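The lines below spell out each chain.
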Amino acid sequence: MTRYWFNIPLWKRILLALVLGVLVGVLLGEDVQSIKWIGDLFIRAIKMLVVPLIFFSLVSGITSVGDIGKLGAVGGRAMALFMATALFSVSMGMILSTLVQPGQGLEISLSGADIPPPPEHTITEMIVQLVPDNPVMAMAQGSILPVIIFAMLFGISILAVGEEGTPLARAMNAGSAVMQKMTIFVMELAPFGVFALIAWVAGSFGFDALIPLGKLVALNYVGCGIILLVVYPLIIRFIARLPVIDFYRGVIDAQAVAFSTASSNAALPVTLRCVERNLGVSKSIASFTVALGATINMNGTAMYLGVIALFGAQAYGIDLSWYSYVLIALTATLGSIGAAGVPGSGLVMMGLVLSSIGVPLETIAFVAGINHLLDMMRTMTNVTGDAAVAVAVGRMAGEIDVVEYRSDDDV
Ligand code: ASP
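For clarity, every value in this text was computed on a predicted model and none was experimentally measured.

*Asks:* Help me get a handle on the environment of serine 282, residues and values and all.
*Replies:* Inspection of the secondary structure assignment puts serine 282 in the loop between helix H12 (264–278) and helix H13 (283–296). The spacing of serine 282 and valine 326 is 44 residues in sequence and 38 Å in space, taken between C-alpha atoms. Apart from the residues within four sequence positions on either side, serine 282 is in contact with Glu276 and Glu399.

Here it is as structure tokens:
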């Protein structure tokens, strides 16, 4: 029995858990609450990996790129793709929202909503806080962007030191290998965790909750669908020049974890493993691009911010000038970069976008009730984007094992 279970590839076990979870959740309704702890356990186990994994992966990714010039080229390409896809995603969100007008004729009701506070910081404060005044505290608090900044400087400094830094570079590599092994162990919990989380979502939302907000939910799913089925395939086909189907087969584990946990950070260990093991991207490019992407590359979130900004304006009957559209594009892109890879952070970033165009923040309350359903889909989109950019950058740098990429022998 145990042998039979472990012989099934992990992604199939996770997919099965997903389907069974929905069925059990719909059948049991609220009663399914009692198994949510299994999902929580899984999320905690996977969160435990995040800070050390990001730190070791980024540092070892940077040191194994080898020289600072090459690092600049790899980083530059990754950033260019991150930015281009984010801007495209917000614009598409705005176009969809203009076409469908989900906010038209709605009476916004605030009762019973769970209003997250607007962001506490201005943009300049957010920039200042990117630099940790104490890296250990940033790690302890799980503030990922400052940890990334510290890890990048640490890696670059090891490279700059040269010969003397080699033992440390090797230690960082070992740390990264160990964290990846730990990920493999933790991932054995995934089918159970995913089952419990999905059952809980299906049980507590039910279908009734969806009907009044159906247009908004559908719009977000369609938007993410376009990014997943058009934008990423274009990147894979025309920039990476590789078959799209193999990409999706290789990345499915990460998608399942992203969808069920609604957290790019939680999915990060699995994404990294998929990109390296299934898609054949070299360790250095995978570690660097995926660890960075999990925090700053969030196309699903960018698209969602665009959709909701216009939704709010429509619901409140506010006419937007072209300048407001530009502001939405900018703030939503910034918001998607600034959003942490945790559930619900996109919703908090909405404060930044709405306040920049003068739409009441109460819009957030309206969306809060369905946020989790949207979050699952946009997180899956975010994570898939990290993998797509890693494949494209890996291909441009000639650091992808095409045989591995094409093989259907996925872990
Ligand atoms: N939950 C998303 C993520 O982790 C961020 C968001 O809320 O949009 O990627």
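More follows now that the structure is in view.
*Asks:* Help me get a handle on unusual backbone geometry, residues and values and all.
*Replies:* In this structure, glutamine 101 takes a positive phi of about 50 degrees despite not being glycine. Its location among the elements puts glutamine 101 in the loop between helix H4 (68–100) and helix H5 (123–128). Non-glycine residue alanine 262 carries a positive phi angle of around 55 degrees. Note that alanine 262 resides in the loop between helix H11 (244–261) and H12.

*Asks:* Tell me about the site of the ligand, residues and numbers included.
*Replies:* Inspection of the region around the ligand gives 16 residues, with Ser264, Thr301, Gly346, Asp375 and Arg378 positioned closest. The separation between a nitrogen atom of the ligand and a polar side-chain atom of threonine 379 is 3.1 Å. A distance of 2.9 Å separates an oxygen atom of the ligand from a polar atom in the side chain of asparagine 382. Computed on the free molecule, the ligand has an accessible area of 270 Å², of which 100% lies beneath the protein chains in the complex. Breaking the shell around the ligand down by element, the ones donating at least two residues are helix H16 (345–357) and helix H18 (371–396). For the shell around the ligand, the element with the most residues is H18, which contributes four residues. Considering only residue class, the shell around the ligand consists of five nonpolar, nine polar and two charged.

*Asks:* Requested: an account of the packing of H12 against H13, with residues and values cited.
*Replies:* The angle between the axes and the distance between the axes are what describe a pair of packed helices. Packing of H12 against H13 brings their axes to within 10 Å, and their N-to-C directions diverge by 155 degrees. By the angle class used here, H12 and H13 are roughly antiparallel. Classified by chirality, the crossing of H13 by H12 is right-handed. Contacts from Ser264, Asn265, Leu268, Thr271, Leu272, Val275 and Glu276 in H12 reach Lys283, Ala286, Ser287, Val290, Ala291, Ala294 and Thr295 in H13. Per-class residue counts for the contact of H12 with H13 are seven nonpolar, five polar and two charged.

Thresholds applied
All chains use their own residue numbering, which begins from 1 and follows the written sequence. This being a predicted model, a pLDDT of at least 70 is required before a residue's local features are given, and a value of 80 or more before pairs of side-chain atoms are given or counted; all residues contribute to the totals for chains, interfaces and linings. Side-chain numbers here rest on the full set of heavy atoms in the structure, without hydrogens or water. Strands here mean DSSP runs of E at least two residues long; helices mean DSSP runs of H or I at least four residues long; both are numbered from the N terminus. The contact criterion used is simple: two residues touch if any of their non-hydrogen atoms lie within 4.5 Å. Think of it this way: one heavy atom of a residue within 4 Å of a molecule or strand is enough to make that residue near it. Polar contacts, as counted here, are pairs of nitrogen or oxygen atoms within 3.5 Å of one another; within protein the pair requires one atom able to donate a hydrogen and one able to accept it, and residues that are adjacent in sequence qualify only if both atoms are side-chain atoms. Each accessible area value is a Shrake-Rupley result obtained with a 1.4 Å probe; residue values ignore everything except the protein chains displayed when judging cover. Each residue is assigned to one of three groups, with Ala, Val, Leu, Ile, Met, Phe, Trp, Tyr, Cys and Pro labelled nonpolar, Asp, Glu, Lys and Arg labelled charged, and all others, Gly among them, labelled polar. Lines are fitted to the C-alpha atoms to define the axes, a helix being fitted only along its stretch in contact, and any angle between axes, read from their N-to-C directions, falls within 0 to 180 degrees. The labels follow the angle: roughly parallel below 35 degrees, roughly antiparallel above 145, roughly perpendicular from 65 to 115, and oblique for the rest. Put simply, a crossing is left-handed when the front helix is turned counterclockwise from the back one by less than a right angle, and right-handed when it is turned clockwise.

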